[in-house]
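Listed here are the chains, written in short residue letters.
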Amino acid sequence: MSAGTYAPNPGAAPLPRMIAAQAVLETKMLLRNGEQLLLTVVIPTLLLVLFSSVDIVDTGSGKAVDFLAPGILALAVMSTAFTGQAIATGFERRYGVLKRLGASPLPRWGLMAAKTLSVLVTEVLQVILLTVIALALGWSPHGNPLAVVALLVLGTAAFSGLGLLMAGTLKAEATLAAANLVFLLLLVGGGVIVPLDKFPDAAQSVLGLLPISALSDGLRDVLQHGASMPWGDLGILAVWAVVGLGAAGRFFRWE
């Protein structure tokens with residue numbers, strides 16, 4: 001037996017492995033949370049099935065599901081990247097979880113990266129589920145897949161930044177109330193179910209600049225109307241992503 005066989009070799013695991021492990025943990029916690037599942041899976045699914053099957057809202061010519069499916073995909077991104085992440089992170093901050101994780105070998109930016117990976121994994125599952133349901137309801141999507149991916153990624157970045165900003169600056173209870181209120185307001189006024197052209201002209205100009213409106217309209221332009229690359233909507237989402245992530249990085253409080 002050679003000398004040093006049992007010599008201790010302390011040290012942190014490689015950074016990619018730490019981030020991956022934390023991302024797996026974050027994803028499991030998210031999928032086990034009943035409130036999170038309600039926001040991320042149940043509500044979008046019910047809205048898609050209900051409004052596609054019952055003629056409640058005038059969605060224009062063509063099948064209702066062709067208009068609704070892109071908007072529901074946008075809603076799913078918002079529910080996970082913004083509402084769910086803001087609420088979960090806000091209570092982790094309140095209970096001191098973030099403070100303790102910030103003192104671990106995993107750097108703080110690595111923790112944020114793990115949370116982002118968890119959001120992306122959840123969104124992939126959401127998109128698959130909602131796409132299968134929409135296809136069963138008669139959805140006929142078409143368009144540039146790269147444009148869809150670009151919209152979803154920028155939309156995730158925009159909503160993630162805004163969610164982390166809210167969670168890192170407000171108290172947990174205020175984050176819970178504000179995140180749910182914003183979710184409901186954007187559901188109604190973000191072009192998800194009700195077309196923006198149903199609102200007054202002055203309101204349309206303002207609502208069209210919201211990230212949920214840019215994401216839902218961009219997805220609709222591609223998947224319903226076959227647009228190649230909705231640069232205007234991508235630009236709006238990029239601005240929100242830069243502002244949201246920049247502000248979250250500047251003002252996020254870990255305690």
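Since the structure is predicted, the reported quantities are computational estimates derived from the model, not experimental observations. (Residues numbered from 1 in each chain as written. Predicted model: local features only at pLDDT ≥ 70, side-chain atom pairs only at ≥ 80, totals over all residues. Heavy atoms only, no water.)

Participant: Can you lay out a nonpolar patch on the surface for me, pointing to particular residues and giving the numbers?
Facilitator: Taken together, the side chains of Leu31, Val121 and Leu125 present a nonpolar region at the surface, about 230 Å² in accessible area. Relative to the helices and strands, Val121 resides in helix 5 (residues 108-136). Looking at Val121, the relative accessible area reads 42%, which means it is partly exposed. (Patch = residues over 30% accessible without salt bridge, like charges linked within 9 Å, V, L, I, M, F, W, Y side chains within 5 Å. Areas by Shrake-Rupley, 256 points an atom, 1.4 Å probe, with all protein chains shown as cover. Salt bridge = Lys/Arg side-chain N within 4 Å of Asp/Glu carboxyl O. Helix = DSSP H or I, 4+ residues; strand = E, 2+ residues; numbered from the N terminus. Buried < 20%, exposed > 50% of the residue type's maximum accessible area, 1.4 Å probe, protein only.)

Participant: So what about the packing of aromatic side chains? Which residues, and what values?
Facilitator: This model, assessed by the stated rule, comprises three aromatic pairs. Consider the rings of Phe82 and Phe159, whose centres lie 6.5 Å apart with planes at 55°: the pair is tilted. Placement of Phe82 in helix 3 (residues 64-94) and of Phe159 in helix 6 (residues 145-169) is noted, with a sequence separation of 77 residues between them. By relative accessible area, which is 1% here, Phe159 ends up buried. When the ring centre of Phe67 is taken as origin, the NZ or CZ atom of Arg220, which lies over that ring, is 3.8 Å away. (Phe/Tyr/Trp six-rings, centres within 6.5 Å; stacked < 30°, edge-to-face > 60°. Lys NZ or Arg CZ within 6 Å of the ring centre and 35° of its normal.)

Participant: Explain the confidence of the model for the chain to me, and be specific about the residues and the numbers.
Facilitator: Across the chain, the average pLDDT comes to 89, with 95% of residues at or above 70. Ranking the elements of the chain by mean pLDDT puts helix 4 (residues 97-102) last with 82 and helix 9 (residues 211-223) first with 97. (pLDDT = per-residue confidence, 0-100.)

Participant: Mind laying out the packing of helix 3 against helix 5, listing which residues take part and the relevant values?
Facilitator: Where helix 3 contacts helix 5, the axes come no closer than 10 Å and their chain directions differ by 150°. Classified by the angle their axes make, helix 3 and helix 5 are roughly antiparallel. Crossing angle aside, the handedness with which helix 3 passes helix 5 is right-handed. In this structure, helix 3 uses Val65, Ala69, Ile72, Leu73, Ala76, Val77, Ser79, Thr80, Ala81, Gln85, Thr89 and Glu92 to contact helix 5, whose residues at the interface are Lys115, Val119, Thr122, Glu123, Gln126, Val127, Leu130 and Ala134. Residue composition of the contact of helix 3 with helix 5, grouped by class: 11 nonpolar, six polar and three charged. (Axes fitted to C-alpha atoms, helices over the stretch in contact; angles between N-to-C directions. Parallel < 35°, antiparallel > 145°, perpendicular 65-115°, else oblique. Left-handed = near helix turned anticlockwise from the far one by under 90°. Contact = heavy atoms within 4.5 Å. Nonpolar A, V, L, I, M, F, W, Y, C, P; charged D, E, K, R; others polar.)

Participant: Could you give me a rundown of helix 1 (residues 15-32), with the residues and numbers involved?
Facilitator: Taking 1.5 Å as the rise per residue, helix 1 with 18 residues should run 26 Å; its terminal C-alpha atoms sit 26 Å apart, in good agreement. Every buried residue belonging to helix 1 is among Met18, Ile19, Gln22, Ala23, Glu26, Thr27 and Leu30, and all of these are buried. Looking down the long axis of helix 1, one finds its buried residues gathered within 165° of arc, a one-sided arrangement. The outward face of helix 1, more than 90 degrees from its buried face, is lined by the exposed residues Arg17 and Arg32. (Expected span 1.5 Å × (residues − 1). Arc of directions from axis to C-beta.)

Participant: I'd love a proper account of helix 5, names of residues and values included.
Facilitator: Over its 29 residues, helix 5 runs 43 Å from end to end, which matches the ideal 42 Å to within 8%, given 1.5 Å per residue. At the C-terminal side of helix 5, Gly138 shows a positive phi close to 100°.

Participant: So what's going on with the nonpolar core? Which residues, and what values?
Facilitator: Within the largest apolar cluster, 46 residues are counted, with the highest numbers of intra-cluster contacts made by Leu48, Leu75, Met78, Phe159, Leu215 and Leu219. Of all the secondary-structure elements, those providing two or more residues to this core are helix 2 (34-53), helix 3, helix 5, helix 6, helix 7 (172-189), helix 9 and helix 10 (231-251). Not counting residues up to four positions away in its chain, the partners in contact with Leu48 are Val65, Leu68, Ala69, Ile72, Leu130, Ile133, Ala134 and Leu137. In this structure, Met18, Ala23, Ala114 and Phe252 belong to the second largest nonpolar core, which totals 12 residues. (Core = buried A, V, L, I, M, F, W, Y, C linked by side-chain atoms within 4.5 Å.)

Participant: Break down the layout of surface pockets for me, with residues and values.
Facilitator: There is about 320 Å³ of room inside the largest pocket. Gln36, Gly84, Ala88, Thr89 and Glu92 are, among the 16 residues lining the largest pocket, the residues nearest its centre. For the lining of the largest pocket, the secondary-structure elements that each account for two or more residues are helix 1, helix 2, helix 3 and helix 5. No other element matches helix 3, which puts seven residues into the lining of the largest pocket. The residue inventory of the lining of the largest pocket, partitioned by class, reads six nonpolar, six polar and four charged. In this structure, the second largest pocket occupies an estimated 210 Å³ of space. The wall of the second largest pocket is formed by 13 residues, among which Phe67, Pro195, Leu196, Asp197 and Arg220 lie closest to the centre. The element that contributes the greatest number of residues to the lining of the second largest pocket is helix 9, accounting for three residues. (1 Å grid on protein atoms, 1.4 Å probe; cavity = no way out; pocket = protein on both sides within 12 Å on 5 of 7 lines; lining within 4 Å. Points joined across faces, edges and corners; volume = space filled by probe spheres on them.)

Participant: Give a detailed account of the pattern of salt bridges, specifying residues and quantitative values.
Facilitator: For side chains of opposite charge, pairing can occur when their charged atoms come near one another. With the rule as written, the count across this model stands at five salt bridges. Here Arg94 ties to Glu173 by a salt bridge, and the two come within 2.4 Å at their closest N and O atoms. Here Glu173 lies in helix 7 and Arg94 lies in helix 3, a separation of 79 residues in the sequence. In this structure, Arg220 and Asp217 form a salt bridge, with 3.3 Å as the shortest nitrogen-oxygen distance. Of this pair, Arg220 and Asp217 both sit in helix 9, three residues apart, which is roughly one turn of the helix. Residue classification places Arg220 among the buried residues on the basis of a relative accessible area of 5%. Several salt bridges converge on common partners, so that one network encompasses Glu26, Glu92 and Lys115.

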